[in-house]
Each structure stands twice: as structure tokens, then as C-alpha cells.
Amino acid sequence: LQMSHGGSGGSSTGSHLKDGAIDLIAGTLGGVANVYAGQPLDTVKVKVQTFPHLYTNWYRCLTDTFKLDGIRGLYAGTVPALAANVAENAVLFTAYGYCQKAVAKVVGRADVKDMNVAEKAVSGSFAAVFAAMVLCPTELVKCKLQAARETGQIITSTSVIKSILRERGPLGFFVGLSPTLAREVPGYFFFFGAYETCRTLMTPEGKTKDEIGVGRTAVAGAVGGMALWTSIFPADVVKSRMQVSGGGSFGGLLVKIAKTEGIRALYTGLLPTLIRSCLASGCLFVTYEESKKLMGNLF
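This structure is a prediction, so every number in the text was calculated from the model and none was measured. (Residues numbered from 1 in each chain as written. Predicted model: local features only at pLDDT ≥ 70, side-chain atom pairs only at ≥ 80, totals over all residues. Heavy atoms only, no water.)

Engineer: I would appreciate a short explanation of the packing of aromatic side chains in the present structure.
Structural biologist: Each aromatic ring pair is summarised here by two numbers: the centre-to-centre distance and the angle between the ring planes. In the structure shown here, the tally under the stated rule is 13 aromatic pairs. Geometrically, the ring pair formed by phenylalanine 93 and tyrosine 288 is stacked, given 4.2 Å between the ring centres and 20° between the ring planes. In this pair, phenylalanine 93 is assigned in helix α3 (residues 78–107) and tyrosine 288 in helix α9 (residues 270–298), connecting sequence segments 195 residues apart. Judged by its relative accessible area of 0%, phenylalanine 93 is buried. Note on tyrosine 288: relative accessible area 0%, which makes it buried. With centroids separated by 5.6 Å and ring planes inclined at 85°, the aromatic side chains of phenylalanine 189 and phenylalanine 190 adopt a geometry described as edge-to-face. Taken together, the aromatic side chains of Phe93, Tyr96, Tyr188, Phe191, Phe192, Tyr195, Phe285 and Tyr288 make up a single cluster linked through ring pairs. (Phe/Tyr/Trp six-rings, centres within 6.5 Å; stacked < 30°, edge-to-face > 60°. Helix = DSSP H or I, 4+ residues; strand = E, 2+ residues; numbered from the N terminus. Buried < 20%, exposed > 50% of the residue type's maximum accessible area, 1.4 Å probe, protein only.)

As C-alpha cells, this is what we get:
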């Protein structure tokens, strides 16, 4: 992603703050698009990861959830998912802009536009650390809401938050932080790396990556999303189970699932996740890039 439009390479504080504000707003809008495009299949992903004995395939989970709970059931956890994605993408893209500038300085690039794909991918990994801190608590609430029927609970976002505070205190919101970091840091290396590689390959001769159009941006975003999820899916399975059950250790649960259920269990729900990621990540990047261009032109 090119974080600069006529000024990101500058050294003034005002320029940095303006770039950060634009990244923050564009990332927020991208997060909203990401949720509404992908939430039904995200609900399916969490259910098949957490209750493999109930759902042997993702399509049955999708149809059963729709029959029993309707559209509302497929959008279970949308409020915390919106909070999670808006917070994550706002922080992620803001941090990514600043991390690119930091990495560019370290490697001796005069401008972030001169950075290669690997340098942008490393910037994405650093930015993911900041994003994980805001993502973990909101994803915890989302996963509990998505698994409510299977766990026999009637709960709301408010009741889940109160229960966590009562039973575990503020630190209870960070159950699953280890697998979240294990997922986000390498995942966003592949996410931004694949996205930038696709943008580079699809840029016609004589044009810049900003001029490839909405369709190619969506394709690059879809590839980036699939690269992220394929690379880190086992960590996401462990995270979902930890957050629904309320604890356990990342390493211990990872080994236990592999031993008792087989390596394949660590990829349960991958197909609906890849389908979801194509839609959601494509919408995320198109919304991000187009709103960023618009604000860059306005301000």
C-alpha cells in the first residue's frame, strides 16, 4: 500500500499527522466494509472450528444456522465484529503508515514509494502487533456470541463483557492474545506482501499502482486475504477454541488438537474462510484505497 499521496515522504509533523489521520479514517471505513461483506462466513468459521463434532462440513453449518437462527444468526456478533474490525483496521493501517516510514528510514529509502515488497511486508508485521492489542478483546466477545447456541447460552454483548469482568477482571479480555499475535504478525507479512506483489504485477506499463483501478485492487486484496488466512489458520483455530472455552495455553492446545484430532483439524473451516476472505479483503482494500485517494485530493 502506498501510504503517501503527495506528502508522506516529508519530514514535517503536520504532514505525518495528516497522513496518519487519513490512514485512520480510510482504515475505519475499510473495516466496516470488511465486516458486512464477510460476517456470515466468519460465523460459520468460528462454529466449525469450535464444534467439529457438530458440524462435519461448513456448508451444513451455514444452512443449519440459517434454518435455526435466520439471517440474524449468521450475523451474530456483528456489533463486536464491527468494533473489532474497525478498531483493528484503523490501528493497523495507521500503524502501517508509520511503520513504513520507520522501516524506510532504517533501510535508507528516501520515500515509502521506493520501498520493495519485502520491506512493505515487514512493515505490515510490525503494524500487526499494535492491531492485535485492540483486536483480541473484541474478538473474544464476538466468538462467544457466535458460539452461544452451541454452548447453550442466551447472551448479549453487554452480558458477555460483564461476565468476563466479574470472573477474570480486565485481563480476562486478553484470553487468546498469544494465538492472536501468532496469527497477526506472520499473517500480515503475507497479507501486505501478497497484496503489494499483485499490485506490482498488475500495474500496466507507464502507470503507477494507484492507477490500476477498482477491479484489480479488489483482486489484489482478495489474494492478500487468502495468503493471510492460509498461512496462519492453525493459530486461528486455537484462538477460537481458547476464547470460546475461556482459557488454556496456546502451545498445549495446539499440540492436543494435532494429537487427538489430527493435523487436518487445524484447518477446519479453511474453505469458507478463503471464500469470505476473497469478498471481505477485496471490499476492504477497495474501500481503503478509494477513500484514501478521495481524502488525499480533498485535503
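Let us keep going from here.
Engineer: Please clarify how helix α1 (residues 13–50) should be interpreted in this entry.
Structural biologist: Quick reminder: α-helices carry 3.6 residues per turn. Residues three or four places apart thus point the same way. End to end, α1 covers just 47 Å across 38 residues, shorter than the expected 56 Å (1.5 Å per residue, more than 12% under). Maximal helix bending in α1 amounts to about 60°, located at glycine 38; proline proline 40 follows within four positions. (Expected span 1.5 Å × (residues − 1). Bend = angle between axes of the 7 residues up to and from the residue.)

Engineer: I tried to follow the side chain of glutamate 119 on my own but got confused; where do I start?
Structural biologist: Among the structural elements, glutamate 119 can be located in helix α4 (residues 117–146). When sequence neighbours within four positions are dropped, the list of residues in contact with glutamate 119 reads Val103, Val107 and Arg109. (Contact = heavy atoms within 4.5 Å.)

Engineer: Help me understand the confidence of the model for the chain in this model?
Structural biologist: Do not read the fine detail of predicted coordinates wherever pLDDT is low. Of all residues in the chain, 96% attain a pLDDT of 70 or more, and the chain-wide mean is 88. Least confident of the elements in the chain is α1, whose mean pLDDT is 87; most confident is helix α6 (residues 177–202), at 93. (pLDDT = per-residue confidence, 0-100.)

Engineer: So what exactly am I meant to see when it comes to the nonpolar core here?
Structural biologist: Grouped burial of nonpolar side chains is what soluble globular proteins tend to show. Formed by 33 residues in total, the largest nonpolar core has its most connected members in Leu92, Phe93, Tyr188, Phe191, Phe192 and Ile257. Counting only elements with at least two residues in this core, the list comes to α1, α3, α4, α6, α7 (213–245), α8 (250–261) and α9. The leading source of residues in this core is α7, at 8 residues. Formed by 10 residues, the second largest nonpolar core is a distinct cluster that contains Val44, Val48, Cys61 and Leu74. (Core = buried A, V, L, I, M, F, W, Y, C linked by side-chain atoms within 4.5 Å.)

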